[in-house]
Amino acid sequence: MKHTPIRTCIVCRKARDKSELVRVVRTPDGSVVLDETGKAAGRGAYVCADGECMSTAIKKRALNRAFKTQLDKSIYDGLEAAYASIKTNG
């Protein structure tokens, strides 16, 4: 039987299969992006793939705590737009 990685959502704190979550990455150069592959280099944080947890993470700025740094509003706006495009495309 193949091992399925389990990760925890930073918003609701529920442990789920990695495939049910969206990975947000702070890359070594300092930018924050959505990681569609799940393998990008950098510090990762996981958020449930449903829109509820992602909108809560943006509203409460949960990624500041996860990445231990203050992120600009423009980064959150970019993540929100990227997440919306992923949800509409796939």
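Scroll up to find the structure.
Okay, so let's go over this structure. Not measured: the values here are computed from a predicted model. (Residues numbered from 1 in each chain as written. Predicted model: local features only at pLDDT ≥ 70, side-chain atom pairs only at ≥ 80, totals over all residues. Heavy atoms only, no water.)

Glycine aside, negative phi is the norm for most residues, and most peptide bonds take the trans geometry. Residues other than glycine seldom take positive phi values, yet Arg61 does so here, at roughly 55 degrees. Mapped onto the fold, Arg61 is located in the loop between helix 1 (51-59) and helix 2 (62-67). In this model, Lys68 sits at a positive phi of 55 degrees, which is unusual for a non-glycine residue. Its place among the elements puts Lys68 in the loop between helix 2 and helix 3 (73-89). (Helix = DSSP H or I, 4+ residues; strand = E, 2+ residues; numbered from the N terminus.)

Moving on, we come to the sheet that holds strand 3 (residues 21-26). Taken in spatial order, the 3 strands of this open sheet run 4-3-5, and their pairing is antiparallel. Sheet topology places strand 4 (32-35) and strand 5 (43-48) at the edges, where each strand pairs with a single neighbour. Direction aside, the axes of adjacent strands within the sheet are offset by 30 degrees on average. Pairing between strand 3 and strand 4: 4 bridges, direction antiparallel. (Pairing = 2+ DSSP bridges. Axes fitted to C-alpha atoms, helices over the stretch in contact; angles between N-to-C directions.)

A side chain of one charge can pair with a side chain of the opposite charge if their charged atoms are brought near each other. Counted under the stated rule, the structure contains 3 salt bridges. A salt bridge links Arg16 to Glu20, with the shortest nitrogen-to-oxygen separation between them at 3.8 Å. The partner of Asp77 in a salt bridge is Lys73, with the nearest N and O atoms 3.2 Å apart. Taken together, the residues Asp77 and Lys73, both in helix 3 and 4 residues apart, mark about one turn of the helix. (Salt bridge = Lys/Arg side-chain N within 4 Å of Asp/Glu carboxyl O.)

For the rest of this paragraph, the subject is helix 3. For helix 3, which comprises 17 residues, the first-to-last C-alpha distance of 24 Å matches the rise-based estimate of 24 Å (1.5 Å per residue) to within 8%. The set of residues buried in helix 3 consists of Tyr76, Leu79 and Tyr83. Mapping the buried residues of helix 3 onto a view down its axis gives an arc of 60 degrees, with all of them on the same face. Counted as exposed and oriented over 90 degrees from the buried face of helix 3: Ser74, Thr88 and Asn89. Among the structural elements, strand 3, strand 4, strand 5, helix 1 and helix 2 are those in contact with the buried residues of helix 3. (Expected span 1.5 Å × (residues − 1). Buried < 20%, exposed > 50% of the residue type's maximum accessible area, 1.4 Å probe, protein only. Arc of directions from axis to C-beta. Contact = heavy atoms within 4.5 Å.)

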